[in-house]
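Architecture and fold: a report
Each chain is listed here by its residues.
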Amino acid sequence: MTHPFLDLPPLTAGHFAAIERRVARLLATEQDVVITQGEALLPLEGCIRGGARPGSTALNVVTGPYGQTFGNWLRDCGAQVVDLAVPFHTAVTADQVAEALAEHPEIDFVSLVHAEAATGNTNPVAEIGEVVRAHGALFMLDAVASVGAEPLLPDAWGVDLCVIGAQKAMGGPAGVSAVSVSARAWERIAANPAAPRRSYLSLLDWKERWIDGGRTALPHAPAQLEMLGLEACVARIEDEGLETVMARHAWAAAATRAGAAALGGGLEPYVHAARDAAPVATTLRAPAGTDAAALVAAALAADPALPLVAGGGALSKEMIRVNHYGADATRGAVLSSLAALGAALTDAGRQVDIEAARRAVSETWPSR
């Protein structure tokens, strides 16, 4: 007997390379694309350990928890780290980055998260990339949450290392990721004696054994199901059209923000300005005197499949997150999430207007 998930023919080098090319088209990049066989933290750490070295100085932009993680990795590599931290309810600006670079002309590596799904903000990468390019530093971007949800143009924006994952807006599996690598990033990594080699974290291994070898022999057995899942989600984006997919995410974010305001009950946007709000997730500040985690648990009691979570760590008591990405970037998911939050707030003694929230969503989401 056969099983559709288990009894699969081996993934050939040609098939693997074809999936790489489709990912490159999604990113509109002419740079090398390496598909890494693990969750996106794998290439993110690989990029930092390859690009940073003892004696280098890195500007690490912190607009959420992932930026904090990058700073820890950079310090572990022996780099001097300049943290540019902004409140999690806002976004960093190109002017702030330019000021930090001017104050520290020795900076030769910049790390930034495009969209922070955990805090619901997004950063103006195109403007920041222009500043970083003028300074001459290597630019690494975490675009795991933003790819498929908002414009992402690593070549045009001067991004040297652009890491993506399939599990959010792309609607794919979490166990596979990718990174586009510029020519000067390859030069930087190759010149770094501390860069991982003969390691699962090594990007150089992929270049030397896969790319430079003409993509004829894979360095190791690929994650078969995850690769097929990545191919399927890229195909789905191609069929729907990337612009349409991004529009769905933008509408979901705008509708959630408008619906939450109309719902009332004391909910407020966590990210103050709509221009700074990420299209993958809308974060809301729980009303004073309530516990965000308890509200989310009550909302999920009726429908555990709703894309609602409480904030992580210290934010668990104050932040509610509506994860309207991938398959949940729909009017139905937004409406159901707001209705469930409304019911939970009502049970907590708050006065809400669920019908007003429905109207706000309908008025914000364009009719076809």
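Residues numbered from 1 in each chain as written. Predicted model: local features only at pLDDT ≥ 70, side-chain atom pairs only at ≥ 80, totals over all residues. Heavy atoms only, no water.

Naming follows an unreviewed UniProt entry, where the protein chain appears as Aminotransferase class V-fold PLP-dependent enzyme of Streptomyces pakalii. In the Cofactor (unreviewed entry) part of its UniProt record, the protein chain is described as follows: "pyridoxal 5'-phosphate". According to UniProt, the comment filed for the protein chain under the heading Sequence similarities (unreviewed entry) is "Belongs to the class-V pyridoxal-phosphate-dependent aminotransferase family." (UniProt positions renumbered as here; feature names shortened; annotations may be inferred.)

It is worth spelling out the overall build of the protein chain at this point. Tallying secondary structure elements over the protein chain gives 13 helices and 13 strands in all. Relative to the compact-globule value of 21 Å for 368 residues, the protein chain shows a C-alpha radius of gyration of 21 Å, a close match. Seen along its three principal axes, the alpha-carbon backbone of the protein chain occupies a region of about 65 × 65 × 35 Å. For the protein chain, the residues scored as buried account for 54% of the 368 residues in total. Partitioning the contacts of the protein chain with sequence separation of at least 6, the portion at a separation of at least 24 is 70%. (Helix = DSSP H or I, 4+ residues; strand = E, 2+ residues; numbered from the N terminus. Rg over C-alpha atoms; globule rule 2.2 N^0.38 Å. Buried < 20%, exposed > 50% of the residue type's maximum accessible area, 1.4 Å probe, protein only. Contact = heavy atoms within 4.5 Å.)

The sites that carry the UniProt feature "domain: Aminotransferase class V" (unreviewed entry) are, in the present numbering, residues 22-206. Here residues 22-206 runs as 35% helix and 22% strand, with 18 Å between its end C-alpha atoms.

Side chains of nonpolar character tend, in soluble globular proteins, to be buried together. Formed by 79 residues in total, the largest nonpolar core has its most connected members in Leu59, Val97, Leu161, Ile164, Met170 and Leu230. Broken down by element, this core gets its largest block of residues, 7 residues, from helix α1 (residues 13-26). When neighbours within four sequence positions are excluded, Leu59 is seen to be in contact with Val82, Leu84, Val97, Ala100, Leu101, Ile107, Phe109, Val110 and Ser111. Leu263, Ala329, Ala344 and Leu345 belong to the second largest nonpolar core, which has 26 residues in total. (Core = buried A, V, L, I, M, F, W, Y, C linked by side-chain atoms within 4.5 Å.)

Quick look at the environment of His104 now. Take His104: it is sitting in the loop between α4 (94-103) and β4 (109-113). Separated by 45 residues in sequence, His104 and Leu59 have C-alpha atoms that sit 8.8 Å apart. Contacts of His104, omitting those with residues within four sequence positions, involve Val82 and His135.

Looking at the secondary structure, you find Ser182 in the loop between β9 (177-181) and α7 (183-190). With a relative accessible area of 7%, Ser182 lands in the buried category. Leaving out residues up to four positions away in the same chain, Ser182 has contacts with Gln31 and Asp160.

A separate point is the sheet that holds strand β13 (residues 319-322). Here 4 strands make up an open sheet; going across it, the order is β10-β11-β13-β12 and the pairing antiparallel. Only two strands of the sheet have a single neighbouring strand rather than two, namely β10 (268-269) and β12 (308-310). As paired strands, β10 and strand β11 (residues 282-285) are joined by 2 bridges and run antiparallel to one another. Residue pairing in the sheet places Pro269 in a bridge with Leu284 of β11. The strands touched by helix α10 (residues 242-263) are β10, β11 and β13; relative to β11, the strand with the most contacts, the crossing angle is about 15°. (Pairing = 2+ DSSP bridges. Axes fitted to C-alpha atoms, helices over the stretch in contact; angles between N-to-C directions.)

Turning our attention to the pairing of β13. With burial as the criterion, each face of β13 is covered, one bearing Met319 and Arg321 and the other bearing Ile320 and Val322. Inspection of the sheet shows β11 paired to β13 by 4 bridges, in the antiparallel sense. Within β13, the residue paired with Thr282 across the bridge is Val322. The sheet contact formed by β12 and β13 spans 3 bridges and is antiparallel. Paired with Leu308 across the strands is Val322, a residue of β13.

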